[in-house]
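Each chain, written out:
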Amino acid sequence: MFEPTVVDDPSLSRPTYAEIDLGILTANYRAVEQAVGKARMLPVLKANAYGHGLVHVARHLETLGAAGLAVAFLEEGALLRRAGIRCPILVMGGIDGSQIPQFLRYDLTITASSVHKLREVNQAAEALGVVARVHLKVDTGMGRIGMRPETAPAMFEAGLQAKHVEVDGVYSHFATADRKDPEQTRLQLDVFRSCVSFYRSRGIPTPKLHIANSGAILQHSDSYLDLVRPGLLLFGLYPSEEVRRTIDVMPVLSWKSRVVFFKVQPAGYPVGYGAAWAPHEDTRIVTVPAGYGDGYFHSLSDRGAVLIGGRRRPIVGGVCMDQFMVDIGPGGEAYNGDEVVLIGSQGDASISAADVARWASTIPYEVLTNINTRVARRYVGPGTTS
Ligand SMILES: *Cc1c(COP(=O)(O)O)cnc(C)c1O
């Protein structure tokens, strides 16, 4: 399978692509599903499914039996509906009041974070003659969207009053679940539990509760509740260096290219913009057709590495918009067309998104979501064709 980006014909695409292994995605999904026991899966697919391709990943996870899918924005939810995804889709981001009819038209579950928003949703649903499905958001310590715990009961109350709204869930988000120190996570969970005791104390059935992201799934089994919201973990990466790796997952995405130019470079002859790097001895340099215009960081200039011929080789000179150069050493051998791995493995060597993140002083989330639409996605593994 081939998801077109800039061109709709793979033969027109330069040999740089992200390979997404749906078999590994399945294995990661099952590993998380098994670990969370009775809790159901609500995979998070924001930002083009963490760079893995929103529609393909959503279709695959729907067939694996996910209870629903979560995205950040209306446009992501609408794209999934247009692609034929039928399971519940929760939009987690804050909403613009003027867009509420669109949420309803696309049958998306709305996150309501205030009494005011809830009333707006109720009115829009009444006008359209539908019932809006809503999850209420409580801010237990992330300081982003959500009602503060003191005022959450007023929102729960408003949810009971709103006749054109079905409050299907109540949720919150952890700020430090991937850190070694469990203190704030425990506190947030306690606050969340005492907040939602509102329903029990009224003798009303409690909506579906969820709070666990990847970090909490790995470290806080008491936070699983009714649904869990794994993102990064499903794609085979751990949310931090310090998090306990209690579930085994493997990276789903590899980023590959091919050598397009080989040259012998004399000592002292500079490479790249600014002519800031030059070899101390005669060496061999290859050029790779990928750059920061694809979302490969400029900050990897003179810092990053790729795999060629089963070995890690350093990037030299600046990463350009569309190309970068690699020093394969005085005795290095490479031919035009040889595979270059930016992320992934080759022989016994490998480079993870976490390695790239460290070199670029960022987090693995950004490495993956930064791979932009100029890079074709290829899907391999069970359930794909060609
Ligand atoms: C991104 C996000 C998640 C998933 O986070 P991971 O660390 O990738 O598991 C879960 N919930 C919310 C509200 C999010 O924004």
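Residues numbered from 1 in each chain as written. Predicted model: local features only at pLDDT ≥ 70, side-chain atom pairs only at ≥ 80, totals over all residues. Heavy atoms only, no water.

Considerations on the packing of helix α7 (residues 152–161) against helix α8 (residues 183–201)
The criterion, for reference: Angles here are taken between N-to-C directions and fall from 0 to 180 degrees, while the axes themselves are lines fitted to C-alpha atoms, restricted in helices to the stretch in contact. For helices the rule is a DSSP run of H or I covering at least 4 residues; for strands it is a run of E covering at least 2, with both sets numbered from the N terminus onward. Helix crossings fall into two classes, left-handed where the near helix is turned counterclockwise from the far one by less than a right angle and right-handed where it is turned clockwise. In what follows, residue pairs with any heavy atoms lying within 4.5 Å of each other are defined as contacts. Charged means Asp, Glu, Lys or Arg here, nonpolar means Ala, Val, Leu, Ile, Met, Phe, Trp, Tyr, Cys or Pro, and polar covers whatever is left, Gly included.
At a minimum axis separation of 10 Å, α7 and α8 run at an interaxial angle of 35 degrees. Where α7 crosses over α8, the handedness of that crossing is right-handed. Within the contact between the two elements, α7 uses Ala152, Pro153, Phe156, Glu157 and Leu160 and α8 uses Cys195, Val196, Phe198 and Tyr199. Tallied by class, the residues present in the contact of α7 with α8 amount to 8 nonpolar, no polar and 1 charged.

So, the pairing of strand β17 (residues 339–346)
Put simply, the rule is: The buried label goes to any residue with under 20% of its type's maximum accessible area, the exposed label to any with over 50%, and the partly exposed label to all in between, with areas taken from a 1.4 Å probe on protein chains only. Strand pairing is assigned whenever DSSP detects at least two bridges linking the two strands.
Within β17, 6 of the 8 residues are buried, which leaves it mostly tucked inside the rest of the structure. Taken together, the 4 bridges between strand β11 (residues 253–258) and β17 define a ladder with antiparallel strand orientation. Considered in β17, the bridge of serine 257 is made with valine 340. In terms of strand pairing, strand β14 (residues 305–308) meets β17 through 2 bridges, oriented antiparallel.

Quick word on the environment of alanine 27
Mapped onto the elements of the fold, alanine 27 is located in helix α1 (residues 22–35). Along the backbone, alanine 27 and aspartate 248 are 221 residues apart, and their C-alpha atoms lie at a distance of 9.5 Å.

Some words on helix α4 (residues 74–82)
Buried residues of α4: Leu74, Glu76, Gly77, Ala78, Leu80 and Arg81, and no others. Elements that come into contact with the buried residues of α4 comprise α2 (46–50), α3 (54–63), β4 (69–71), β5 (89–91) and α5 (100–105). Downstream of α4 by a residue or two, glycine 84 has a phi angle that is positive, lying close to 95 degrees.

Topic: the site of the ligand
To be explicit about the condition: For this description, a residue counts as near a given molecule or strand if any of its non-hydrogen atoms is within 4 Å of it. In protein, a polar contact means a hydrogen-donor-capable atom and an acceptor-capable atom, both N or O and within 3.5 Å, with residues adjacent in sequence counting only if both atoms are side-chain atoms; elsewhere, any N or O pair within 3.5 Å suffices. What sets the accessible areas is the Shrake-Rupley method with a 1.4 Å probe; for residues, cover comes only from the shown protein chains.
In the vicinity of the ligand, 13 residues are found, and the nearest of them are Lys46, Tyr50, Ser214, Leu232 and Tyr365. The separation between an oxygen atom of the ligand and a polar side-chain atom of tyrosine 50 is 2.6 Å. Leucine 232 is positioned with one of its backbone polar atoms (N or O) 2.8 Å from an oxygen atom of the ligand. Relative to its unbound accessible surface of 390 Å², the ligand loses 92% to contact with the protein. When grouped by side-chain class, the residues that make up the shell around the ligand number 6 nonpolar, 4 polar and 3 charged.

Notes on unusual backbone geometry
What you tend to see is this: most non-glycine residues have negative phi, and most peptide bonds are trans. Of note, the phi angle at alanine 49 is positive, near 50 degrees, even though the residue is not glycine. Tracing the sequence through the fold places alanine 49 in helix α2. For tyrosine 50, which is not glycine, the phi torsion reads 55 degrees and is therefore positive. Among the structural elements, tyrosine 50 can be located in helix α2. In this structure tyrosine 50 comes out as buried when scored by relative accessible area, which is 6%.

Some details on helix α6 (residues 115–128)
So the rule is basically this: Every helix has an expected span of 1.5 Å times one less than the residues it contains.
Given a rise of 1.5 Å per residue, 14 residues ought to cover 20 Å, and the 20 Å separating the end C-alpha atoms of α6 matches this to within 8%. Residues of α6 that are buried: Val115, Leu118, Val121, Asn122, Ala124 and Ala125. For α6, the elements touching its buried residues are α5, β6 (109–112), β7 (132–137), α7 and β8 (165–171).

Describing the nonpolar core
Most often, soluble globular proteins keep nonpolar side chains buried together rather than apart. We count it as follows: The term nonpolar core refers to a set of buried residues drawn from Ala, Val, Leu, Ile, Met, Phe, Trp, Tyr and Cys, joined through side-chain atoms within 4.5 Å.
By size, the foremost hydrophobic cluster in this structure holds 124 residues, and its most contacted members are Leu45, Phe156 and Phe324. Take this core: its biggest share by element is 6 residues, from α8. Leaving out residues up to four positions away in the same chain, phenylalanine 156 has contacts with Leu136, Val138, Val170, Cys195, Val196, Phe198 and Tyr199. If you look at the next biggest cluster of nonpolar residues, it comprises 6 residues, including Val271, Ile285, Cys320 and Met325.

Focus: the pattern of salt bridges
The line we're drawing: Should a side-chain nitrogen of Lys or Arg be within 4 Å of a carboxyl oxygen of Asp or Glu, the pair is scored as a salt bridge.
Throughout the structure, instances matching the rule amount to 14 salt bridges. Across the pair aspartate 178 and arginine 179 runs a salt bridge whose closest N-O atoms are separated by 3.0 Å. The class of arginine 179 is partly exposed, set by a relative accessible area of 41%. Among the ionic pairs, arginine 312 bridges to aspartate 355, the shortest N-O distance being 3.3 Å. Placement of the pair is arginine 312 in strand β15 (residues 311–316) and aspartate 355 in helix α10 (residues 353–359), with a sequence separation of 43 residues. According to the relative accessible area criterion, aspartate 355 is buried, its value standing at 13%. Connected via shared salt-bridge partners are Arg14, Asp294, Asp322 and Arg374.

Observations regarding the sheet that holds β7
In space, the 8 strands of this open sheet follow the order β3-β10-β9-β8-β7-β6-β5-β4, with parallel pairing throughout. Each edge of the open sheet carries a strand with a single partner, namely β3 (40–41) and β4. Bridge count for β6 against β7 is 3 bridges, and the pairing is parallel. In the sheet register, threonine 111 faces β7, and the bridge partner there is histidine 135. Of the strands in this sheet, β6, β7 and β8 touch α7, which is tilted by about 170 degrees from β7.

Things to note about the side chain of glutamine 265
Structurally, the position occupied by glutamine 265 is in strand β12 (residues 261–265). Glutamine 265 has contacts with Pro270, Val271, Pro279, Glu281, Asp282, Thr283 and Ile285, leaving out every residue within four places of it along the chain.

Here we look at the packing of aromatic side chains
Heads up, the rule is: The rule is short: rings of Phe, Tyr and Trp, with Trp giving its six-membered ring, pair when the centres are within 6.5 Å, and they are stacked under 30 degrees, edge-to-face over 60, tilted in between. Both a distance and an angle decide whether a charge sits over a ring: NZ of Lys or CZ of Arg must be within 6 Å of the ring centre and within 35 degrees of the ring normal.
Under the defined criterion, the tally for this structure stands at 7 aromatic pairs. Taking 5.2 Å as the distance between ring centres and 40 degrees as the angle between the ring planes, the aromatic pair formed by phenylalanine 156 and tyrosine 199 counts as tilted. A residue pair is termed long-range when its members are at least 10 positions apart, and phenylalanine 156 in helix α7 and tyrosine 199 in helix α8 qualify at 43 residues. An aromatic cluster is defined as three or more aromatic residues linked by ring pairs; in this entry it consists of Tyr50, Phe235 and Tyr365. The side chain of arginine 378 reaches across the aromatic face of tyrosine 17, ending 4.0 Å from its centre.

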